[in-house]
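Tertiary structure, described
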Amino acid sequence: MVAPGFVFGLVLPLILPADTSADVAFRFASYINNYMVLQKEPAGAVIWGYGTSGATVTVTLWQGQETIMRKVTSVKGHSNRWMVVLDPVKPGGPYEMVAQQTFGRTNSTLRVHDVLFGDVWLCSGQSNMQMTVSQIFNATRELANTVAYQSVRIFSVSLIQAEQELEDLAQVDLQWAKPSSENLGHGIFTYMSAVCWLFGRHLYDVLQYPIGLMSSSWGGTPIEAWSSGRPLRACGVPARGFTQSDYVTGPSKHSVLWNAMIHPLHNMTLKGVIWYQGESNVDFNRDLYNCTFPALIEDWRQTFHWGSQGQTERFFPFGFVQLSSYLSATSDDAFPQIRWHQTADFGYVPNARMPNTFMAVAMDLCDRKSPFGSIHPRDKQTVAYRLHLGARAVAYGEKLIFQGPLPENMELLADKGLLNVTYSQEIQVQRQDKIFEVSCCRDRQCKWLPAPMDAFSAQTVALNIRSCRGALAAVRYAWTTWPCEYKQCPLYHPISTLPAPPFIASLTDPRRGKHSELA
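Residues numbered from 1 in each chain as written. Predicted model: local features only at pLDDT ≥ 70, side-chain atom pairs only at ≥ 80, totals over all residues. Heavy atoms only, no water.

1. Considering the nonpolar core
The biggest cluster of nonpolar side chains holds 151 residues, and the ones touching the most others in it are Tyr-31, Trp-275, Trp-300, Phe-436 and Tyr-477. The dominant element in this core, judged by the number of residues it contributes, is strand 9 (residues 106-125), at 9 residues. In contact with Trp-300, not counting residues within four places along its chain, are Leu-122, Ser-124, Trp-226, Trp-258, Ile-262, Val-273, Trp-275, Phe-316 and Phe-318. (Core = buried A, V, L, I, M, F, W, Y, C linked by side-chain atoms within 4.5 Å. Buried < 20%, exposed > 50% of the residue type's maximum accessible area, 1.4 Å probe, protein only. Helix = DSSP H or I, 4+ residues; strand = E, 2+ residues; numbered from the N terminus. Contact = heavy atoms within 4.5 Å.)

What follows is the structure in structure tokens.
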């Protein structure tokens with residue numbers, strides 16, 4: 001999205017009609033090219049393209065002079081498409097892949113070289129995902145740090161809209177490439193995604209095998225543009241969404257980016273997805289985001305699983321960034337609500353509605369002086385680091401701390417005027433008096449009041465609630481657009497330095513079914 005005072009260069013979006021594939025030349029799908037990464041074992045990589053109806057297509061994978069495998073299929077008459085699923089391949093390379101079409105006496109041959117097998121991650125969202133390495137802190141140093149990462153390959157989709165689902169990408173900004181200072185820092189919000197790149201770099205450091213990164217993002221776009229019609233209907237999103245918001249500066253029409261920038265990738269075998277979006281829904285269908293976001297995840301998972309002939313896992317790992325901070329005149333409740341809705345109102349992930357997901361908390365990564373507006377903080381290194389911890393735990397099954405302390409128990413000590421909040425992990429505390437609040441109700445009116453920290457121990461914070469002279473209804477933490485200064489929120493895990501996420505919780509006594517009364 002565009003911050004006040006910062007204007008992108010003019011973008012003329014390409015709006016495309018439905019895909020037509022008749023009478024096309026023999027070719028691979030648009031994203032199958034030199035230097036690409038294909039998904040490694042245990043999945044099989046899907047290879048597909050277009051050709052002459054009825055022709056035979058043979059796909060051969062070579063390593064040096066050795067034939068690794070050969071797959072044969074035919075071009076389907078109704079779509080002019082062909083597809084094969086390779087046998088699972090161990091991580092590594094390089095390989096050469098050859099596709100040959102035979103139709104009568106006519107033969108045509110396609111080749112792609114320097115193909116690696118590893119894990120393929122799709123990175124999507126709006127402008128905080130779109131920001132390039134040239135826009136972040138220590139950009140010069142980061143752009144120079146590519147030599148050791150030539151097995152991390154990058155790809156970026158063009159900004160395109162479509163009224164109906166396309167089967168293949170109409171245009172590519174950056175075809176598969178080895179990383180360089182030129183393609184990582186190509187321009188302002190113009191490939192390659194810094195969060196995507198840094199996330200992949202962290203994964204490579206840990207896994208030590210090839211990583212493929214596909215970036216498909218567009219600034220200022222609401223979730224409705226990235227969703228197919230299925231989740232939008234399921235969540236009751238109005239068919240004609242009226243968009244008048246400072247946060248929506250890109251395409252907002254239902255499904256136009258899903259159609260052109262996501263659906264064309266659905267045949268590809270993926271390892272997982274990372275997502276950074278939500279700012280454009282702060283005042284656009286905000287109350288539906290606790291449905292639309294989990295529904296988008298479910299729909300993407302179904303579509304990629306089916307499109308890849310079952311090779312992409314049905315519940316593939318899906319990571320996302322919880323929104324950072326913003327200096328704004330917007331209602332101070334709007335950003336906290338979106339952050340909460342990003343977790344389907346659980347306050348944490350994975351959860352029952354969002355299985356196999358992971359989240360990077362970013363509310364403490366604020367940036368008052370960002371030249372791109374405070375809504376575009378430049379510390380994408382910490383964002384990517386926190387994301388990669390979640391991926392290591394959720395996607396790769398590593399036993400490590402990947403999220404900050406979560407509230408586990410609350411005990412009201414009415415006679416002492418205290419509310420004890422106990423966390424799931426050890427906490428490191430920096431005292432702040434206004435970041436915890438309690439909802440105090442009297443005469444059928446409720447008001448949020450500060451609950452200063454009275455004391456704390458290894459896992460518990462004691463909140464002073466003596467200012468409440470009525471019924472204590474709820475407690476919340478960091479429930480503001482700008483909760484703290486840079487890395488100065490009050491609660492972190494002392495070893496991992498991961499922040500406790502924001503939360504809101506009812507204090508209704510479950511045994512009595514009413515709010516706890518204070519003297």
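Okay, back to it.
2. Notes on the sheet that holds strand 2 (residues 27-28)
Strand order in this open sheet of 3 strands is 2-4-7, and the pairing throughout is antiparallel. Two strands bound the open sheet, and with one partner strand each, they are strand 2 and strand 7 (81-85). As defined by bridge partners, strand 4 (residues 46-50) adjoins strand 7 across 5 bridges and the pair is classed as antiparallel. Note on strand 7: the bridge partner recorded for Tyr-50 is Arg-81. (Pairing = 2+ DSSP bridges.)

3. What about the packing of aromatic side chains?
Within the structure shown, the criterion is met by 27 aromatic pairs. Considering the side-chain rings of Phe-26 and Trp-82, the 6.0 Å spacing of their centres and the 40° angle between planes classify their relative orientation as tilted. Taken together, the positions of Phe-26 in the loop between strand 1 (14-16) and strand 2 and Trp-82 in strand 7 put the pair 56 residues apart, joining distant regions of the chain. Both residues of the pair, Phe-26 and Trp-82, belong to the buried class. Ring centres of Trp-258 and Trp-300 lie 6.3 Å apart, and the angle between their planes is 35°; this geometry places the pair in the tilted category. Of the two residues, Trp-258 is situated in helix 6 (residues 256-262) and Trp-300 in helix 7 (residues 289-307); the sequence distance between them amounts to 42 residues. Judged by relative accessible area, Trp-258 falls into the buried class, the value being 0%. An aromatic cluster is built from Trp-226, Trp-258, Trp-275, Tyr-289, Phe-293, Trp-300, Phe-318 and Phe-320, whose rings are joined through pairwise contacts. (Phe/Tyr/Trp six-rings, centres within 6.5 Å; stacked < 30°, edge-to-face > 60°.)

4. Things to note about the confidence of the model for the chain
Looking at the chain, the pLDDT average stands at 92 and 92% of residues meet or exceed 70. Taken as a whole, residues 1-13 scores under 50 in pLDDT and shows 32 contacts with residues more than four places along the chain or in a different chain. Note that residues 509-519 has pLDDT below 50 and, in this model, 24 contacts with residues that lie over four places away or in other chains. (pLDDT = per-residue confidence, 0-100.)

5. What about the domain arrangement of the chain?
Looking at the assigned domains, one finds that the chain contains domain 1 (27-116), domain 2 (119-173 + 182-396) and domain 3 (407-506). Placing the centre of domain 1 and that of domain 2 at their C-alpha centroids yields a distance of 29 Å. At the junction of the two partners, domain 1 supplies 23 residues and domain 2 supplies 24 residues. Across the domain 1/domain 2 interface, buried area totals approximately 1900 Å², and carbon plus sulfur atoms make up 61% of it. (Domains from an automatic or database assignment. Buried area = accessible area lost by both parts, 1.4 Å probe.)

6. Concerning helix 4 (residues 194-207)
Compared with the 20 Å implied by 1.5 Å per residue over 14 residues, the 20 Å span of helix 4 between its first and last C-alpha is a close match. Counting buried residues in helix 4 gives 10 out of 14 residues, a clear majority hidden from the surface. Turning to helix 4, its buried residues are Ala-194, Val-195, Cys-196, Trp-197, Leu-198, Phe-199, Gly-200, Arg-201, Leu-203 and Tyr-204. For helix 4, the N-terminal capping position is held by Ser-193, with its side-chain oxygen 3.1 Å away from the main-chain nitrogen of Cys-196. Positive backbone phi, approximately 60°, marks Gln-208, located one or two places after helix 4. (Expected span 1.5 Å × (residues − 1). Polar contact = N/O pair within 3.5 Å; in protein donor to acceptor, adjacent residues only side chain to side chain.)

7. Looking at the side chain of Ser-156
Considering the arrangement of structural elements, one finds Ser-156 in strand 10 (residues 152-157). Other than its neighbours up to four places away in sequence, Ser-156 contacts Val-172, Asp-173, Leu-174, Tyr-191, Met-192 and Ser-215.

8. Digging into the pattern of salt bridges
Scanning all chains against the criterion turns up 15 salt bridges. Between Arg-386 and Asp-364 there is a salt bridge whose closest N-O contact spans 2.8 Å. Here Arg-386, found in helix 9 (residues 380-394), pairs with Asp-364, found in the loop between strand 16 (357-360) and helix 9; they are 22 residues apart in sequence, far enough to count as distant. Like Arg-386, the residue Asp-364 is buried in the burial classification. Connected through shared salt-bridge partners, Asp-114, Arg-153 and Lys-178 make up one network. (Salt bridge = Lys/Arg side-chain N within 4 Å of Asp/Glu carboxyl O.)

9. Overview of the state of the cysteines
Under the defined criterion, the tally for this structure stands at 5 disulfides. Each sulfur in the disulfide pair Cys-441 and Cys-446 lies 1.9 Å from the other. Its S-S torsion of about 105° marks the bond between Cys-441 and Cys-446 as right-handed, since a negative value means left-handed. A relative accessible area of 12% means that Cys-441 is categorised as buried. Between the sulfur atoms of Cys-484 and its disulfide partner Cys-489 the distance amounts to 2.0 Å. Judged by the sign of its S-S torsion, about -75°, the bond between Cys-484 and Cys-489 is left-handed. A single burial state applies to Cys-484 and to Cys-489, both of which are buried. When the bonded cysteines of the chain are counted from the start of the sequence, the pairing works out to 1-2, 3-4, 5-8, 6-7, 9-10. Here Cys-366 stays unpaired: no disulfide links it, and the sulfur of Cys-484, its closest cysteine neighbor, is 6.0 Å away. (Disulfide = S-S within 2.5 Å.)

10. What about the packing of helix 4 against helix 9?
Look at helix 4 against helix 9: their axes get within 8 Å of each other, and the N-to-C directions meet at 50°. It follows from the interaxial angle that helix 4 and helix 9 lie oblique. When you trace helix 4 past helix 9, the crossing you get is right-handed. For the pair helix 4 and helix 9, contact is made by Ala-194, Val-195, Leu-198, Phe-199, His-202, Leu-203 and Val-206 and by Lys-380, Gln-381, Val-383, Ala-384, Tyr-385, Leu-387, His-388, Ala-391 and Arg-392, respectively. (Axes fitted to C-alpha atoms, helices over the stretch in contact; angles between N-to-C directions. Parallel < 35°, antiparallel > 145°, perpendicular 65-115°, else oblique. Left-handed = near helix turned anticlockwise from the far one by under 90°.)

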